[in-house]
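Below, each chain spelled out in residue letters.
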Amino acid sequence: MPGVMHTQQSWDMRIQTETLPCLNALSDDILMEVFSYLDVEDILSLRQVSKLYYNLTHQGIIWKNFLKRIGPNAPQLPPSYRHSPQFLTSFEAERLVTRAVSLHINWVSPNPHPVSHNSFQIHRLIQSMVVLPGGKYMVASVCNLAATHYSLVVFALDHRIGGVVPLAETPVKQKAYNMQARYMNIDGTPSIVIGYIRRKTSPRHSNAGVNPSIYNSIWENPRKPIDPPVPLQYVCTCVQISLDSLDALSNPRLVPGSHAFFAFAASQPPPFRLLSVLRSTSELGAIDLAVIDGVPTMAVVKGFETVVLKELTGRGFISTLCCAREELYSSNHHTICNLRILPHQGQILTIRAIKLAEGPAVPRPGAPPVLAPEVITLAMFSLPEPGNNIIQTRLADESISFRADDVEGIQITSLNDYESCLSAVDGVTHPPLSILYRSGGGTKLHELIIEPTPRGFLPKTQLLKPHYFLGNLVTGNDHRISWETEKERGPCRAFVLPGSQRSLVYVTRSRDIEESLGIRGLYSYLPSSDGTRAYRSAKEERLQSVLRNPLQSRTGVMCKFDMSPDLRASLREGVKAIAWDESIGRVFYVKPDDPQIHVVDFAKAPIQAPNGQRWPLPLADERMLEL
């Protein structure tokens, strides 16, 4: 065969030209076998020796072997045909490995820092956004520059030519908010499923001149609802977009924005498909997406004390779970602040706030308002039986309550992060479930952790599935953060972008009330329980297997990023929307009235030119023959 003959000739000529015994005299196959015993640092060092080694160390077998060895540390890829393991390129394998290694080293460092900061023109104003795990696609709620038309846009990230490129767009009548997106299989088609809520005025108030899209909950607090001048109606919508369609549109042979790109896009079937619509005169809140007994399902909080579940395929059953009040507080109003479906154990985790007195107490003259005493309740409810328009009232299977006044910004780790971790990692079953919230006017950050049940206490049928009991709840660290400059200092309000192992915390001045908040600092956050440390140690062992030098980790839970003056100034000018992908270590943010998206990367990755050529190019070496 021509390839074999070329390799044989290359080996013969190298032997004939060498005067002394040399490693280069070995055949390429033997050299590759030798390289398989080396670490990542060794491979990168060899790459600088000669053009021969530069070419050999880019071979896919080396990096796919590294990828297999680091296991669950590797970023998750979309479950599409193009990103399947058999079509994984050597460049993509190398990028996954280097990102995983460099991100971990940077994140746990006592002096973490951004690696790069880039901006991309998108010709739209982003209102909110969600990044899919693995950093290949992002879903954003956008509007035009005049803020008169709203839509949903799916962006390709890491596009070889354009970087961040809009691929598909569908109109939305009003601004979409409370967005959730995840990879799901819909009727055998790997897809991105997007759930969102929009507000609209009722028909009899349509001429009142009220724009329902202008309302925004800055404090992420469902107990402080908006107060519109006319009643609003709420619509929860779920749409699907095929990954095969996105893979075709993100083909680097099609230059984004070119005539060929738009001609190809016009020749394709409409990429978006409507899956579900729920309408309500009661306010709709948090959304979650999960696969329950093989059926893709959407859950949304309706009103204050009920959860509506809608099957997205099959029979399309709708069932309503009425969460019974805690017996001790049965006369008090309960508000569901957040929820998470736990499909592997047939339950829903809800976090509810209970106000023990009506209205705030009267403060002394000149003092700030005194908030009414409140209780926070974590409760597990069994999933309702599927049925058409059935309403089921359920008592909590288990619950834990504690005093926590003025709680806001409650975040729960998404189970999307666990889908690739269903098998045990070196004896540690699964990552804990983290809950982060703030209090004290947003100046205190608190952590709760539900550790997975040890494998020895589970039945054999559940050994490979995460199972969380509230009896395993432990309290993590509490933090109070302040900002400081040469001229002033003050308390901060902390916001959390949650992750199962890497949560990103950003802070603003506590007195800022604008919709676009100036960010005063970014912080690397590490979960602090024994269970999270054990799971992280098990993953670090997998990383250590491909590294020469031992991994070092800081002892502190939170650590501020050391940012460049330009990035610091950019964040302080105000941020309209922000999103975080912990698997690849990138944060995305947009400024108000600015049709650009900014990307801050905390991990290193190889660079690829628009024509597909790797950068940097090797120096010419006349002593070595080209392969």
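Note that the structure is predicted; figures quoted are calculated from it, not measured.

1. Digging into the overall build of the chain
Across its full length, the chain carries ten helices and 33 strands. A total of 627 residues make up the chain; the buried ones form 54% of that total. Considering only intrachain contacts with a sequence separation of at least 6, the fraction spanning at least 24 residues in the chain is 63%. When the accessible surface of the chain is totalled, it reaches about 28,500 Å², and 53% of it is carbon and sulfur.

2. Description of the side chain of Ser 583
Tracing the backbone through its elements, the reader meets Ser 583 in the loop between strand 29 (577-581) and strand 30 (586-590). Its relative accessible area of 16% is what places Ser 583 among the buried residues. Engagement of the side chain of Ser 583 in a polar contact is seen with the backbone nitrogen of Gly 134, the distance being 2.9 Å. Within polar-contact distance, the side chain of Ser 583 engages the side chain of Asp 581 at 2.7 Å. The contacts of Ser 583, once residues within four sequence positions are left out, are Pro 75, Leu 103, Pro 133 and Gly 134.

3. Observations regarding the nonpolar core
Core analysis: the biggest nonpolar cluster contains 26 residues, and Tyr 137, Ile 192 and Ile 194 have the highest contact counts within it. Of all elements in the fold, only strand 3 (137-143), strand 4 (150-159), strand 5 (163-172), strand 6 (177-186), strand 7 (189-201), strand 8 (232-242) and helix 7 (243-249) reach the threshold of two or more residues within this core. The leading source of residues in this core is strand 5, at four residues.

4. Comments concerning empty space enclosed by the protein
Under the criterion given, the structure shown has five cavities of 30 Å³ or more. The space that makes up the second largest cavity amounts to roughly 100 Å³. Lining the second largest cavity are Asn 73, His 104, Trp 107, Val 108, Gln 501, Arg 502, Leu 526, Arg 536, Lys 539, Glu 540 and Leu 543. Listing elements by their share of the lining of the second largest cavity, those giving two or more residues are helix 6 (90-107) and helix 9 (530-544). Among the elements that take part in the lining of the second largest cavity, helix 9 stands out by supplying four residues, more than any other.

5. With respect to the sheet that holds strand 14 (residues 334-342)
Consider a sheet: its strands pair through backbone hydrogen bonds, and that pairing is either parallel or antiparallel. Within the open sheet, the four strands sit side by side as 14-15-16-18. Their pairing is antiparallel. Of all the strands in the sheet, just strand 14 and strand 18 (398-403) have a single pairing partner and so form its edges. Taking the axes of each pair of neighbouring strands and ignoring which way they run, one obtains an average angle of 15 degrees across the sheet.

6. Quick word on the pattern of salt bridges
Tallied over the full model, the rule gives 15 salt bridges. One salt bridge in this structure joins Lys 136 and Glu 92, with 3.1 Å as the shortest N-O distance. Here the residue Lys 136 occupies a position in the loop between strand 2 (125-131) and strand 3, and Glu 92 occupies one in helix 6, the gap between them amounting to 44 residues. On the basis of relative accessibility, which here comes to 9%, the residue Glu 92 falls in the buried class. Between Glu 540 and Arg 536 there is a salt bridge, with the nearest N and O atoms lying 3.9 Å from each other. Highlighted residues: Glu 540 and Arg 536, both in helix 9, separated by four residues, approximately one helical turn. For the pair Glu 540 and Arg 536, a shared accessibility class is recorded, and that class is buried. Among the charged side chains, a network of salt bridges with common partners joins Glu 92, Arg 95 and Lys 136.

7. Looking at unusual backbone geometry
Trans peptide bonds make up most of the peptide bonds, and negative phi angles are found at most residues other than glycine. Phi at Asp 187 is positive, roughly 50 degrees, even though this residue is not glycine. Its place among the elements puts Asp 187 in the loop between strand 6 and strand 7. Take Asp 187: its relative accessible area is 54%, and that puts it in the exposed class.

8. Examining the confidence of the model for the chain
Low-pLDDT portions of the prediction should not be read for the details of their coordinates. With 85% of its residues at a pLDDT of 70 or more, the chain shows a mean pLDDT of 85. Here helix 1 (residues 2-17) stands out as the least confident element of the chain, with mean pLDDT 49; strand 30 is the most confident, with 97. Counting interchain partners and residues more than four positions distant, the pLDDT-below-50 stretch residues 1-7 has three contacts. A low-confidence stretch, residues 417-428 (pLDDT under 50), is modelled with 34 contacts involving residues beyond four sequence positions or located in other chains.

9. Some points on the sheet that holds strand 10 (residues 284-292)
In spatial order, the strands read 10-11-12-13-17; together these five strands make up an open sheet with mixed pairing. In this open sheet, the two edge strands, each paired with only one partner strand, are strand 10 and strand 17 (390-394). The sheet shows a mean angle of 20 degrees between the axes of neighbouring strands, direction not considered. Bridge count for strand 11 (residues 295-302) against strand 12 (residues 306-311) is six bridges, and the pairing is antiparallel. The residue of strand 12 that forms the bridge with Lys 302 is Thr 306.

10. Details of the packing of helix 5 (residues 60-70) against helix 6
Running from amino to carboxyl end, helix 5 crosses helix 6 at an angle of 40 degrees, the nearest separation of the two axes being 8 Å. Taken together, the axis directions place helix 5 and helix 6 in an arrangement best described as oblique. Considering how the two elements wind past one another, helix 5 and helix 6 form a crossing that is left-handed. For the pair helix 5 and helix 6, contact is made by Gly 60, Trp 63, Lys 64, Phe 66, Leu 67 and Ile 70 and by Ser 90, Ala 93, Glu 94, Leu 96, Val 97, Thr 98 and Ala 100, respectively. Among the residues forming the contact of helix 5 with helix 6, the class breakdown is eight nonpolar, three polar and two charged.

11. So, the environment of Val 496
When you line up the elements, Val 496 lands in strand 25 (residues 489-497). Separated by 85 residues in the primary sequence, Val 496 and Gln 411 have C-alpha atoms spaced 7.3 Å apart. Dropping the residues within four chain positions of it, Val 496 is found in contact with Gln 411, Leu 436, Leu 445, Ser 503, Leu 504 and Val 505.

12. A closer look at the pairing of strand 6
Where burial is concerned, most of strand 6 is hidden: seven out of the ten residues are buried. Between strand 6 and the antiparallel strand that follows it, strand 7, lie two residues; Asp 187 among them carries a positive phi value of about 50 degrees.

13. What to know about the packing of aromatic side chains
Tallied over the full model, the rule gives eleven aromatic pairs. For the pair Phe 402 and Tyr 437, a centre-to-centre distance of 6.4 Å together with 35 degrees between the ring planes defines the contact as tilted. On the criterion of sequence distance, the pair formed by Phe 402 in strand 18 and Tyr 437 in strand 20 (residues 433-439) is long-range, its members being 35 residues apart. Tyr 437 sits in the buried class, given a relative accessible area of 10%.

Rules of the game
Residues numbered from 1 in each chain as written. Predicted model: local features only at pLDDT ≥ 70, side-chain atom pairs only at ≥ 80, totals over all residues. Heavy atoms only, no water. Helix = DSSP H or I, 4+ residues; strand = E, 2+ residues; numbered from the N terminus. Buried < 20%, exposed > 50% of the residue type's maximum accessible area, 1.4 Å probe, protein only. Contact = heavy atoms within 4.5 Å. Areas by Shrake-Rupley, 256 points an atom, 1.4 Å probe, with all protein chains shown as cover. Polar contact = N/O pair within 3.5 Å; in protein donor to acceptor, adjacent residues only side chain to side chain. Core = buried A, V, L, I, M, F, W, Y, C linked by side-chain atoms within 4.5 Å. 1 Å grid on protein atoms, 1.4 Å probe; cavity = no way out; pocket = protein on both sides within 12 Å on 5 of 7 lines; lining within 4 Å. Points joined across faces, edges and corners; volume = space filled by probe spheres on them. Pairing = 2+ DSSP bridges. Axes fitted to C-alpha atoms, helices over the stretch in contact; angles between N-to-C directions. Salt bridge = Lys/Arg side-chain N within 4 Å of Asp/Glu carboxyl O. pLDDT = per-residue confidence, 0-100. Parallel < 35°, antiparallel > 145°, perpendicular 65-115°, else oblique. Left-handed = near helix turned anticlockwise from the far one by under 90°. Nonpolar A, V, L, I, M, F, W, Y, C, P; charged D, E, K, R; others polar. Phe/Tyr/Trp six-rings, centres within 6.5 Å; stacked < 30°, edge-to-face > 60°.

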